[in-house]
2 protein chains.
Amino acid sequence: MLIVLSGPSGVGKGTVRQAMLKSGYRDFHYSVSMTTRKMRPGEVDGVDYYFRTKEQFEEEIANGGMLEYAQYVDNYYGTPLHYVNEQLDAGQDVLLEIEVKGAMQVRAKCPDAVFIFLTPPDLNELRHRLVGRGTDDAVTIQKRVNKAVDELKMMQNYDYAVVNDEVPLAVDRIEHIIQSEHLRVQRVAEKYANMIKKATSGD
Amino acid sequence: MLIVLSGPSGVGKGTVRQAMLKSGYRDFHYSVSMTTRKMRPGEVDGVDYYFRTKEQFEEEIANGGMLEYAQYVDNYYGTPLHYVNEQLDAGQDVLLEIEVKGAMQVRAKCPDAVFIFLTPPDLNELRHRLVGRGTDDAVTIQKRVNKAVDELKMMQNYDYAVVNDEVPLAVDRIEHIIQSEHLRVQRVAEKYANMIKKATSGD
């Protein structure tokens with residue numbers, strides 16, 4: 001099963017993803033993204049990202065090797081298709097933690113995936129925090145709130161909305177969604193068909 | 001949210017429902033069924049069932065007061081619509097534990113409800129148990145297995161299939177399904193729309 005975790009920038013997708021990997025609750029594979037941005041101190045190729053040149057990345061795109069990709073600040077970021085397919089074929093769950101633009105590309109290609117949208121606990125809190133900080137003027141604050149609103153409206157393209165009020169709670173909710181999605185009739189139909197076949201053949 | 005728990009006869013729906021009510025995990029209301037069968041010693045009207053006469057039950061049917069109903073062995077069993085609507089309007093989750101025929105009636109009337117099908121752990125085990133018991137001949141055993149197979153095939157009309165291998169595990173799975181269904185975007189859309197309204201009005 002393919003699980004797509006996305007949400008507005010700054011909502012804490014990376015933190016939640018790391019907490020999920022540490023929780024050990026469920027066996028799934030995290031799909032490492034590919035990027036053209038420079039490796040930072042402490043980062044490891046193949047762990048934090050697959051670090052590639054712009055030419056290599058564009059060659060992957062041209063070869064149809066990217067499940068999704070986008071450009072941010074002159075750098076490419078994306079998900080190589082190869083690893084995802086390999087894990088899915090082996091019956092493993094695969095987790096993508098990606099931006100909303102990329103998530104919509106995955107949605108078009110893999111409608112059976114589970115799309116989870118991480119949301120901030122409260123937009124009004126964001127406004128109050130910005131006002132209280134006193135560093136932004138009213139126009140800037142309104143712009144930032146409007147941006148958060150626009151991003152929040154994108155949840156309509158997702159299956160689930162999970163509020164990131166506290167990371168362990170958000171992780172629990174996501175784990176339960178994954179567990180429940182595995183019990184969806186369309187996903188288990190084959191298993192039960194085999195059980196019926198075995199029982200009626202009198203084996 | 002309306003939750004419909006159903007499954008083949010003998011799968012343990014009643015036991016799982018009782019364990020759910022005792023678990024106290026989540027606040028939901030169990031909709032007591034109505035029946036025309038006689039009250040048994042220890043049973044309480046309005047707790048185990050609403051006990052009614054055949055005439056009263058048929059009047060309810062005629063008045064459109066039943067969400068679902070069916071006849072078994074000369075007795076009516078069904079779910080009064082009134083209580084379910086009252087609880088749903090109050091924003092409560094309502095649990096129905098009903099037979100597959102009734103569940104299909106609810107599906108037609110309430111497509112937004114969550115339909116959970118409880119399954120036996122293994123059909124082949126059923127066969128082996130019947131053979132090992134040595135009280136049924138081969139034809140009878142085949143008939144019983146075929147009946148279980150037919151009932152199992154009805155799961156395709158449900159959203160989730162939950163195996164009742166151990167009652168506490170089945171209860172956990174159902175609780176997680178309910179929790180996850182509450183996070184479905186179409187169910188929370190209104191809540192987030194209100195949050196956006198508040199944030200953009202600058203309240």
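Looking up chain A in an unreviewed UniProt entry gives the name Guanylate kinase, with the organism given as Lacticaseibacillus thailandensis DSM 22698 = JCM 13996. The UniProt entry for chain A carries this comment under Function (unreviewed entry): "Essential for recycling GMP and indirectly, cGMP." Check the Subcellular location (unreviewed entry) section of the UniProt entry for chain A; it says "Cytoplasm".

Asks: Explain the overall build of chain A residue by residue, including any values.
Replies: In terms of regular secondary structure, chain A is built from 8 helices and 9 strands. Its C-alpha atoms give chain A principal-axis dimensions of about 75 × 40 × 30 Å. Across the 203 residues that make up chain A, the buried fraction comes to 46%. Looking at chain A alone, contacts between residues at least 24 apart form 65% of all its contacts between residues at least 6 apart. When the accessible surface of chain A is summed, it comes to about 10500 Å², and 49% of that surface belongs to carbon and sulfur atoms.

Asks: Please provide a residue-by-residue account of helix α5 (residues 123-133) of chain B, values included.
Replies: Among the residues of α5(B), those classed as buried are L123(B), N124(B), L126(B), R127(B) and L130(B). Summarising the axial view, the buried residues of α5(B) lie within an arc of 155°, below the 170-degree limit, and thus occupy one face. Seen from the open side of α5(B), the exposed residues pointing more than 90 degrees away from its buried face are R129(B) and G132(B). Buried-residue contacts for α5(B) involve α8 (185-200) of chain A together with α6 (138-153) of chain B.

Asks: Tell me about the interface of chain B and chain A, and name the residues and values.
Replies: Across the boundary between the two partners, chain B contributes 41 residues, which contact 41 residues of chain A. Both faces combined, the contact of chain B with chain A buries some 3300 Å², and carbon together with sulfur accounts for 63% of it. For the chain B face of the interface with chain A, the top three residues by lost area are L183(B), V185(B) and Y192(B), together amounting to 18%. The interface formed by chain B and chain A contains 2 salt bridges. With a closest N to O distance of 3.1 Å, R184(A) and E181(B) form a salt bridge. The tally of links between chain B and chain A comes to 17 residue pairs in polar contact (both at pLDDT 80 or more). Of all elements in the fold, only α5, α6, β9 (160-163), α7 (167-181) and α8 (185-201) of chain B reach the threshold of two or more residues within the side of chain B that touches chain A. Among the elements that take part in the side of chain B that touches chain A, α8(B) stands out by supplying 8 residues, more than any other. Residues that form the side of chain B that touches chain A fall into these classes: 21 nonpolar, 11 polar and 9 charged.

Asks: Any details on the pattern of salt bridges? Residues and values, ideally.
Replies: Applying the stated criterion across every chain, the model contains 22 salt bridges over all chains. A salt bridge links E151(B) to K147(B), with the shortest nitrogen-to-oxygen separation between them at 3.5 Å. Of the two residues, E151(B) and K147(B) both sit in helix α6, 4 residues apart, roughly one turn of that helix. One network of salt bridges, in which partners are shared, links E181(A), R184(A), R187(A), E181(B), R184(B) and R187(B).

Asks: Talk me through the side chain of K13(B); I want residue IDs and the actual numbers.
Replies: Residue and element names in this part refer to chain B. Relative to the helices and strands, K13 resides in helix α1 (residues 13-23). At 2.9 Å, the side chain of K13 and the backbone oxygen of G7 are in polar contact. Excluding anything up to four places from it in sequence, K13 contacts L5, S6, G7, P8, E97, I98, E99 and L118.

Asks: Would you mind going over the sheet that holds strand β6 (residues 75-80) of chain B in detail, with residue names and values included?
Replies: All names here are of chain B. Strand order across the open sheet formed by 4 strands is β4-β3-β6-β5, with mixed pairing between neighbours. Each edge of the sheet is formed by a strand with only one pairing partner; in this case those strands are β4 (50-51) and β5 (66-72). Across 2 bridges, strand β3 (residues 34-35) lies against β6 in antiparallel orientation. Along β6, the bridge assignment pairs M34 with G78.

Asks: So, the sheet that holds strand β9 (residues 160-163) of chain A: which residues are in play, and what are the values?
Replies: Residues and elements named next belong to chain A. Here we have 5 strands laid out as an open sheet, ordered β2-β7-β1-β8-β9, and parallel in their pairing. Among the strands making up the open sheet, the edge pair consists of β2 (28-30) and β9. For this sheet, the mean angle separating the axes of adjacent strands, direction not counted, is 25°. Bridge count for β2 against strand β7 (residues 93-97) is 3 bridges, and the pairing is parallel. From the neighbouring strand, H29 faces β7, where its bridge partner is V94. Contacts from helix α3 (residues 81-89) reach β1 (2-6), β2 and β7 within the one sheet, and its direction differs from that of β7 by about 150°.

Asks: Describe the packing of aromatic side chains, naming the residues involved and giving the relevant values.
Replies: All names here are of chain A. For the structure on display, the rule yields 15 aromatic pairs over all chains. Ring pairs connect the aromatic residues Y49, F51, Y72 and Y77, which therefore count as one cluster. Stacked on the ring of F115, the Lys or Arg R107 has its end atom at 4.9 Å from the ring centre.

Asks: Let's hear about the relation of the copies chain B and chain A: which residues, and what values?
Replies: Once turned by 180° and shifted 0.0 Å along the axis, chain B lies on chain A with an RMSD of 0.1 Å. Such a combination of turn and shift is consistent with a two-fold rotation axis. Residue H176(B), judged by its C-alpha, is the member of chain B lying nearest the rotation axis, at 2.7 Å. Interface residue correspondence from chain B to chain A reaches 100%, placing this contact among same-surface, isologous pairings.

What counts as what
Residues numbered from 1 in each chain as written. Chains lettered and ligands numbered in written order. Predicted model: local features only at pLDDT ≥ 70, side-chain atom pairs only at ≥ 80, totals over all residues. Heavy atoms only, no water. UniProt positions renumbered as here; feature names shortened; annotations may be inferred. Helix = DSSP H or I, 4+ residues; strand = E, 2+ residues; numbered from the N terminus. Buried < 20%, exposed > 50% of the residue type's maximum accessible area, 1.4 Å probe, protein only. Contact = heavy atoms within 4.5 Å. Areas by Shrake-Rupley, 256 points an atom, 1.4 Å probe, with all protein chains shown as cover. Arc of directions from axis to C-beta. Buried area = accessible area lost by both parts, 1.4 Å probe. Salt bridge = Lys/Arg side-chain N within 4 Å of Asp/Glu carboxyl O. Polar contact = N/O pair within 3.5 Å; in protein donor to acceptor, adjacent residues only side chain to side chain. Nonpolar A, V, L, I, M, F, W, Y, C, P; charged D, E, K, R; others polar. Pairing = 2+ DSSP bridges. Axes fitted to C-alpha atoms, helices over the stretch in contact; angles between N-to-C directions. Phe/Tyr/Trp six-rings, centres within 6.5 Å; stacked < 30°, edge-to-face > 60°. Lys NZ or Arg CZ within 6 Å of the ring centre and 35° of its normal. Least-squares fit on C-alpha atoms with pLDDT ≥ 70 in both.

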